[in-house]
Structure formats: C-alpha cells, structure tokens
Amino acid sequence: MNKDKRKVVIAGNWKMNKTPAEAAVLINELKPIAEQADCDVVICVPYVDIPGAVALCEGSNVCVGAQNVHFEQSGAYTGEISAEMLTELKVSHVVIGHSERRQYFGETDETVCLRATAAVKAGLVAIVCVGETLEQREAGITEELIALQIKRGLSGFTADMMKNVVIAYEPVWAIGTGVTASNEQAEEVCAFIRKKLADMFGEATAEATTIQYGGSMNPKNAADLLDMENIDGGLIGGASLKSADFAVIVGAGSR
Ligand code: PGA
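In this text, all values refer to a predicted model and were calculated from it rather than measured experimentally.

Cut-offs applied
Residues numbered from 1 in each chain as written. Predicted model: local features only at pLDDT ≥ 70, side-chain atom pairs only at ≥ 80, totals over all residues. Heavy atoms only, no water. Helix = DSSP H or I, 4+ residues; strand = E, 2+ residues; numbered from the N terminus. Buried < 20%, exposed > 50% of the residue type's maximum accessible area, 1.4 Å probe, protein only. Contact = heavy atoms within 4.5 Å. Areas by Shrake-Rupley, 256 points an atom, 1.4 Å probe, with all protein chains shown as cover. Expected span 1.5 Å × (residues − 1). Pairing = 2+ DSSP bridges. Near = heavy atom within 4 Å. Polar contact = N/O pair within 3.5 Å; in protein donor to acceptor, adjacent residues only side chain to side chain. Nonpolar A, V, L, I, M, F, W, Y, C, P; charged D, E, K, R; others polar. Salt bridge = Lys/Arg side-chain N within 4 Å of Asp/Glu carboxyl O. 1 Å grid on protein atoms, 1.4 Å probe; cavity = no way out; pocket = protein on both sides within 12 Å on 5 of 7 lines; lining within 4 Å. Points joined across faces, edges and corners; volume = space filled by probe spheres on them. Axes fitted to C-alpha atoms, helices over the stretch in contact; angles between N-to-C directions. Parallel < 35°, antiparallel > 145°, perpendicular 65-115°, else oblique. Left-handed = near helix turned anticlockwise from the far one by under 90°.

Engineer: What is the right way to look at the overall build of the protein chain in this model?
Structural biologist: Within the protein chain one finds 11 helices and 8 strands. Its C-alpha atoms give the protein chain principal-axis dimensions of about 45 × 45 × 35 Å. Taken over 255 residues, the protein chain has a buried fraction of 52%. Contacts spanning at least 24 positions in sequence make up 72% of the contacts within the protein chain whose residues lie at least 6 apart. Split by element, the accessible area of the protein chain, about 11400 Å² in all, is 53% carbon and sulfur.

In structure tokens form, the structure reads like this:
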C-alpha cells in the first residue's frame with residue numbers, strides 16, 4: 001500500500017451555514033491558509049454562495065464545491081440544480097449522499113448512484129459519502145452496510161470514472177456529535193472500503209482512490225486520523241466554519 005499515490009483532500013462541508021456576505025469573510029481568511037497547503041483544499045458551500053465563492057477563490061488554492069446535484073440535465077425538478085449549472089460556475093467538487101441527505105431528504109444508494117454518475121460525467125469530482133448509524137454498528141453490520149452502499153452507490157462506474165470519485169467514510173454517530181471514531185475504527189472501515197473498491201475496480205484504482213474520514217474531525221484529532229494508512233483526507237463540518245480550526249486540519253493534511 002502506497003499512500004503517496006493518493007491525493008490528500010481536505011474538504012469543508014459548510015452545510016446550511018454562511019450567507020454570501022458571511023462566506024466572503026471566511027473565504028478571505030481561508031485563502032492564505034490554503035496558500036501554504038500541500039493538499040487539495042475544497043469548500044463545499046450552499047448553492048447561493050457559489051458565484052461569490054468562485055470569484056473570490058479564483059487564482060487561489062481553494063476549490064469550490066457544492067453539497068448536492070440532481071441527476072437529470074434539466075427539466076421539471078423544482079428546487080434542484082444540475083451538474084451543468086455547477087460546472088458553468090466552475091464548481092469542481094460535489095458532495096453526494098451525505099447522511100443528512102439520506103436521513104432527512106430520502107436519499108438512497110440508488111439516487112446517490114444517479115447523482116454521482118451525472119456529476120462525474122459532467123467532469124465534477126463526486127465526494128460520495130457512506131457510513132453506518134450507531135444502531136447498525138452495535139448490531140455488527142457495519143461492513144455489510146458499507147459494502148452495500150459502495151456497491152449500489154457506484155453501480156455502473158468504471159475504473160476511469162473512479163478517477164473523479166472521492167469516498168468519504170462518515171460514521172453517522174460521529175457527525176456533529178463531538179464523538180469521533182477512534183483512529184483504529186476509522187482506519188478499519190477505510191481499509192475495508194479500499195478492499196471493496198479493489199474487488200470492483202482492481203487494485204490500482206483502489207490504491208489511487210482518495211478515501212476521507214468525516215465526523216467531528218477537529219484540530220486535536222486530525223493529524224492522528226490523517227496519519228492512518230487508508231485515510232487520505234477529511235470531510236469537515238463544524239471545524240470548517242472556523243478558519244483557525246480549518247487551518248490546523250489543512251496543516252495536518254499537508255504533512
Ligand atoms: P462534523 O460534520 O465535522 O461537524 O461532524 C462532518 C460532515 O457532516 O461532513
């Protein structure tokens with residue numbers, strides 16, 4: 001296993017936080033931080049923040065991502081946004097299948113697959129989220145569930161398409177709770193995900209795929225998590241909203 005083959009991606013998931021004016025303030029704090037970074041730095045912002053964020057990030061090391069995308073190109077889908085709308089604005093990444101989308105908005109592995117396919121075909125990097133609930137972990141079905149999420153969520157994908165996919169392992173019980181998975185717990189599942197990717201797409205693709213950990217990653221735990229062999233980055237919620245915290249995590253990802 002050679003970690004050097006993979007890109008480290010530190011992505012902030014702002015969720016439903018920051019108005020366009022507030023976003024501008026935070027981005028101006030983040031730009032010098034990203035300047036020093038030796039990893040990919042992405043901020044996944046609310047849709048309405050995208051045009052301003054892209055303009056502010058131009059020429060910097062900060063990439064702008066979205067938090068969802070619809071799978072059709074256009075049509076009668078009130079409230080939805082297409083991949084083309086995002087690429088026209090120079091969005092580079094999109095989060096797909098976040099557990100909050102699965103939990104509150106009826107997202108399934110099947111819709112995750114449709115959205116991820118549309119995103120990758122449009123040239124976006126799809127950050128595909130998987131993760132178990134506490135009940136599922138306690139029932140001992142974590143691996144079974146993750147295997148299904150990967151198999152169904154990436155159904156129809158080719159090794160070539162996987163070049164534009166990042167997997168985010170986010171145990172639901174660790175998201176926004178302040179409870180982080182231990183380094184070993186996170187590593188165990190990320191290694192399992194890589195094994196599944198090898199079964200589906202071959203060893204070389206599995207070794208080249210960035211797998212992030214997400215769930216209460218913070219300045220204190222980031223370095224140790226990112227040191228684990230199969231953890232190649234982070235998807236960060238709460239701590240991505242504070243530039244000082246995000247700076248430490250980006251620093252940890254740059255080592
Ligand atoms: P958190 O969120 O860092 O606030 O736990 C992570 C996520 O939901 O992506």
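The structure having been displayed, the exposition proceeds.
Engineer: Help me out: how do you make sense of helix H7 (residues 142-153) in this one?
Structural biologist: Count 3.6 residues to each turn of an α-helix, and residues three or four apart come out pointing the same way. End to end, H7 covers 16 Å across 12 residues, agreeing with the expected 16 Å (1.5 Å per residue, within 8%). Looking at the buried side of H7, the elements it contacts are helix H4 (99-104), helix H5 (109-121), strand E5 (125-130), helix H6 (134-138), strand E6 (165-169) and helix H8 (183-201).

Engineer: Can you help me understand the pairing of strand E8 (residues 233-236) in this one?
Structural biologist: Each regular strand displays side chains that alternate between the two surfaces of the sheet. Both faces of E8 are covered, namely the face carrying Gly233 and Leu235 and the face carrying Gly234 and Ile236. With 4 bridges connecting them, strand E1 (residues 9-13) and E8 associate as parallel partners. Within the sheet, the bridge partner assigned to Ile10 lies in E8 and is Gly234. Examined bridge by bridge, strand E7 (residues 211-214) and E8 share 2 bridges and lie parallel to one another. In the strand pairing of E8, Gly214 is matched with Leu235.

Engineer: Teacher, can you tell me more about the site of the ligand here?
Structural biologist: What surrounds the ligand is a group of 13 residues, the closest being Lys15, His98, Glu170, Gly176 and Ser216. A distance of 2.6 Å separates an oxygen atom of the ligand from a polar atom in the side chain of His98. Looking at the shell around the ligand residue by residue, the classes come out as 4 nonpolar, 7 polar and 2 charged.

Engineer: Looking at this model, I keep getting lost on the pattern of salt bridges. Mind explaining?
Structural biologist: Side-chain pairs of opposite charge can arise whenever the charged atoms involved come near each other. In total, this model carries 14 salt bridges according to the counting rule given. Put simply, Asp40 and Lys7 hold a salt bridge, and the shortest N to O gap is 3.7 Å. Taken together, the residues Asp40 in strand E2 (residues 40-44) and Lys7 in the segment before E1 connect sequence positions 33 residues apart. The class of Asp40 is partly exposed, set by a relative accessible area of 25%. The class of Lys7 is exposed, set by a relative accessible area of 53%. Put simply, Glu107 and Arg115 hold a salt bridge, and the shortest N to O gap is 2.6 Å. Through salt bridges with shared partners, a single network forms among Arg6, Arg194 and Asp232.

Engineer: How should the layout of surface pockets be read in this particular structure?
Structural biologist: A water-sized probe, rolled over the atoms, reveals where empty space remains. Approximately 500 Å³ is the volume attributed to the largest pocket. Looking at the largest pocket, it is lined by 19 residues, and the ones nearest its centre are Lys15, Met16, Gln67, Arg101 and Phe105. Considering each element in turn, the lining of the largest pocket owes the most residues, 3 residues, to H4. Taken together, the residues that form the lining of the largest pocket break down as 8 nonpolar, 6 polar and 5 charged.

Engineer: Looking at this model, I keep getting lost on the packing of helix H1 (residues 20-35) against helix H2 (residues 50-57). Mind explaining?
Structural biologist: Between two packed helices, the angle of one axis relative to the other and the distance separating the axes together describe the packing. Close contact between H1 and H2 brings their axes to 10 Å; oriented N to C, the two are set at 25°. As far as their axial angle goes, H2 and H1 are roughly parallel. Crossing of H1 over H2 shows right-handed handedness. In this structure, H1 uses Ala24, Ile27, Asn28 and Lys31 to contact H2, whose residues at the interface are Ala53, Leu56 and Cys57. Considering only residue class, the contact of H1 with H2 consists of 5 nonpolar, 1 polar and 1 charged.

Functional significance is not addressed by these values, which are geometric in nature.
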